[in-house]
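Single-letter residue listing:
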Amino acid sequence: MTGHHPLSIQVRVHHLNENENLEHTLFSIKKGSVIQFKLGSTLFGQSVKLFINYPENPTDGFKRLVYRELKWRSDSLNKGDDTALHCDVTFELAGSFHYFFIPEGGDILKPSGSGYILVDPVLTYGPENDVLPLDSILCITYLAKCLGSFEKWEERLRTAKEVGYNMIHITPIQQLGGSDSSYSLRNQLKLNPVFDSPGKKCTINDISTLVEKIRKEWKVITVTDVVLNHTANESEWLLEHPESTYNLVNSPHLRPAYLLDRTLWYFSLDIAAGKWANSGIPAAVNNEDHLNAIRETLKGYYKHQLKLHEFFCCILTTF
């Protein structure tokens, strides 16, 4: 990808070549930049269809699986000049956007080439909305559950400002499950009740107001996680839709892992019950000899019972 920088707008030329999959190559551009897609030499003389999931109208929002076909245009008077064909896209939204192309009449599920365009976000802080350069971010993480009641947040977060951090990362602020893990959410739509004070319930507006104060007065940006795939065992969503979780029906590739995990669980229960004491594994495992005995038992006894190798057997049939 090559380009130039007229005025404040970054314009880059991106050449497409046949059978060139660039999905593992990073192309990073600034927000508001223009990508000019052009045909590479391997595609000259071919009719190519180019698709991208960047919305035609950014105000409509981004939909990852919705693609639109880009239209080729030419600045040349010579209709046969493939070097003049181009598709221009102005990226006003930050994020990662996917493109692919196919020959005329080709299978849309078998692209001839593809890639991603990463558009950097613009982070602003301070009363004048100064831009925070992405390569100058100094970030510190706070466990939300350890911040205590909301009335103590400002005092505890101020330490980050005083020592020079310009970004504060706070783990999910939603209600947690029984494990109290910072990323095990019981209810994605409710705040953690530990933020409440006697007679004062913490609200999302309270947190929003503090975040804006930190951004403008302290010149510190605050970020938190949007967690959609981490859910506590006791989540009401799971009780209503157990089929949405990983299980041996919708994810049969997990069966070996399930068998191994199940074996380790029952092995642990047997150890705790003293059933393996005669094999050098007491109920209280507290030294290296005990660990070596466990290792040998797993390799010498349970390995043959599990027969995990059968999951990797390939049956060859002669026709």
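First, a word on what this report is: a plain description of the structure on this page. For clarity, every value in this text was computed on a predicted model and none was experimentally measured.

**What about unusual backbone geometry?**
The phi dihedral of Asn 19 falls on the positive side, at around 60°, and the residue is not glycine. Owing to a relative accessible area of 65%, Asn 19 belongs among the exposed residues under this scheme. Despite not being glycine, Lys 219 has its phi angle at roughly 60°, a positive value. As for its position among the elements, Lys 219 is in the loop between helix H2 (204–218) and strand S18 (221–224).

**Details of a nonpolar patch on the surface**
Side chains of Trp 265, Tyr 266 and Leu 269 sit close together on the surface and give an oily, nonpolar patch of about 340 Å² of accessible area. For Trp 265, a relative accessible area of 51% puts it in the exposed group.

**Details of the pairing of strand S6 (residues 48–52)**
Burial analysis of S6 places four of its five residues in the buried class, which makes it a mostly covered element. Relative to strand S10 (residues 95–103), S6 runs antiparallel, the two sharing five bridges. Paired with Val 48 across the bridge in S10 is Pro 103. Two strands pair when backbone bridges link them, and S6 and strand S7 (residues 68–70) are joined in this way by three bridges, in the antiparallel orientation. By the bridge assignment for S7, Leu 50 is matched with Leu 70.

**Details of the nonpolar core**
Core analysis: the largest hydrophobic core is formed by 21 residues, its most contacted members being Phe 37, Leu 50, Phe 91, Tyr 99 and Ile 117. Contributing elements (two or more residues each) for this core: strand S5 (34–39), S6, strand S9 (85–90), S10 and strand S11 (113–119). Those residues in contact with Phe 91 that lie beyond four places of it in its chain are Ile 29, Lys 31, Gly 32, Ser 33, Ile 35, Ile 52, Tyr 54, Phe 97, Ile 117 and Val 119. Residues Ile 168, Ile 170, Ile 173 and Phe 195 belong to the second largest nonpolar core, which totals 17 residues.

**Concerning the environment of Gln 10**
For Gln 10, the position within the fold is in the loop between strand S1 (2–4) and strand S2 (11–16). Taking the C-alpha atoms as reference points, Gln 10 and Thr 42, separated by 32 residues in sequence, lie 26 Å from one another. Separated by 3.3 Å, the side chain of Gln 10 and the backbone nitrogen of Lys 30 make a polar contact.

**Things to note about the packing of helix H4 (residues 255–272) against helix H5 (residues 288–306)**
In contact at an axis separation of 12 Å, H4 and H5 are set at 130° when each is read in the N-to-C sense. Taken together, the axes of H4 and H5 lie oblique to each other. Considering only the axes of H4 and H5, their crossing is right-handed. In this structure, H4 uses Leu 259, Leu 260, Thr 263, Leu 264, Phe 267, Asp 270 and Ile 271 to contact H5, whose residues at the interface are Ile 294, Thr 297, Leu 298, Tyr 302 and Leu 306. Grouping the constituent residues of the contact of H4 with H5 by class yields nine nonpolar, two polar and one charged.

**Remarks on the side chain of Ser 114**
Within the element layout of this structure, Ser 114 appears in strand S11. Taking relative accessible area as the criterion, Ser 114 reaches 2% and is therefore assigned buried. Within the structure, the side chain of Ser 114 is placed 2.9 Å from the side chain of Glu 23, a separation counted as a polar contact. When sequence neighbours within four positions are dropped, the list of residues in contact with Ser 114 reads Glu 20, Asn 21, Leu 22, Glu 23, His 98, Tyr 99, Phe 100 and Phe 101.

**A short note on the pattern of salt bridges**
Taken as a whole and judged by the stated rule, the model has 14 salt bridges. The salt bridge partner of Asp 88 is Arg 73, with a shortest N-O separation of 3.0 Å. Placement of the pair is Asp 88 in strand S9 and Arg 73 in strand S8 (residues 73–74), with a sequence separation of 15 residues. The exposure class of Asp 88 is partly exposed, given its relative accessible area of 34%. Connected through shared salt-bridge partners, Glu 154, Arg 158, Lys 161, Glu 162 and Lys 213 make up one network.

Thresholds applied
- The residue numbering used here restarts from 1 in each chain and proceeds along that chain's sequence as written.
- Residues qualify for local features only when their pLDDT is at least 70, as the model is predicted, and side-chain atom pairs are given and counted only at 80 or more; totals for whole chains, interfaces and linings, by contrast, use all residues.
- The basis for the side-chain values is all heavy atoms of the structure; hydrogens and waters are excluded.
- The classification of residues rests on relative accessible area computed with a 1.4 Å probe and restricted to protein chains. Under 20% of the type maximum is buried, over 50% is exposed, and intermediate values are partly exposed.
- Counting from the N terminus, the helices are the DSSP runs of H or I reaching at least four residues and the strands are the DSSP runs of E reaching at least two.
- Within this analysis, patches are made of residues with over 30% relative accessible area and no salt bridge. Like charges are joined at 9 Å or less; nonpolar side chains (Val, Leu, Ile, Met, Phe, Trp, Tyr) at 5 Å or less.
- For the accessible areas, the method is Shrake-Rupley and the probe is 1.4 Å, while residue cover comes only from the protein chains on display.
- Here, a salt bridge means any side-chain nitrogen of Lys or Arg that lies within 4 Å of a carboxyl oxygen of Asp or Glu.
- Any two strands with at least two DSSP-identified bridges between them are counted as paired.
- Buried residues of nine kinds, namely Ala, Val, Leu, Ile, Met, Phe, Trp, Tyr and Cys, make up a nonpolar core once their side-chain atoms join them within 4.5 Å.
- When checking whether two residues touch, look at their non-hydrogen atoms; a contact exists if any pair is within 4.5 Å.
- Pairing of N or O atoms within 3.5 Å defines a polar contact, subject to two protein rules: one partner must be a possible hydrogen donor and the other a possible acceptor, and residues neighboring in sequence count only if both atoms are side-chain atoms.
- Angles here are taken between N-to-C directions and fall from 0 to 180 degrees, while the axes themselves are lines fitted to C-alpha atoms, restricted in helices to the stretch in contact.
- Roughly parallel means an angle under 35 degrees; roughly antiparallel, over 145; roughly perpendicular, 65 to 115; everything else is oblique.
- Left-handed describes a crossing whose near helix is turned anticlockwise from the far helix by less than a right angle; the clockwise case is right-handed.
- The classification used treats Ala, Val, Leu, Ile, Met, Phe, Trp, Tyr, Cys and Pro as nonpolar, Asp, Glu, Lys and Arg as charged, and all other residues, Gly among them, as polar.

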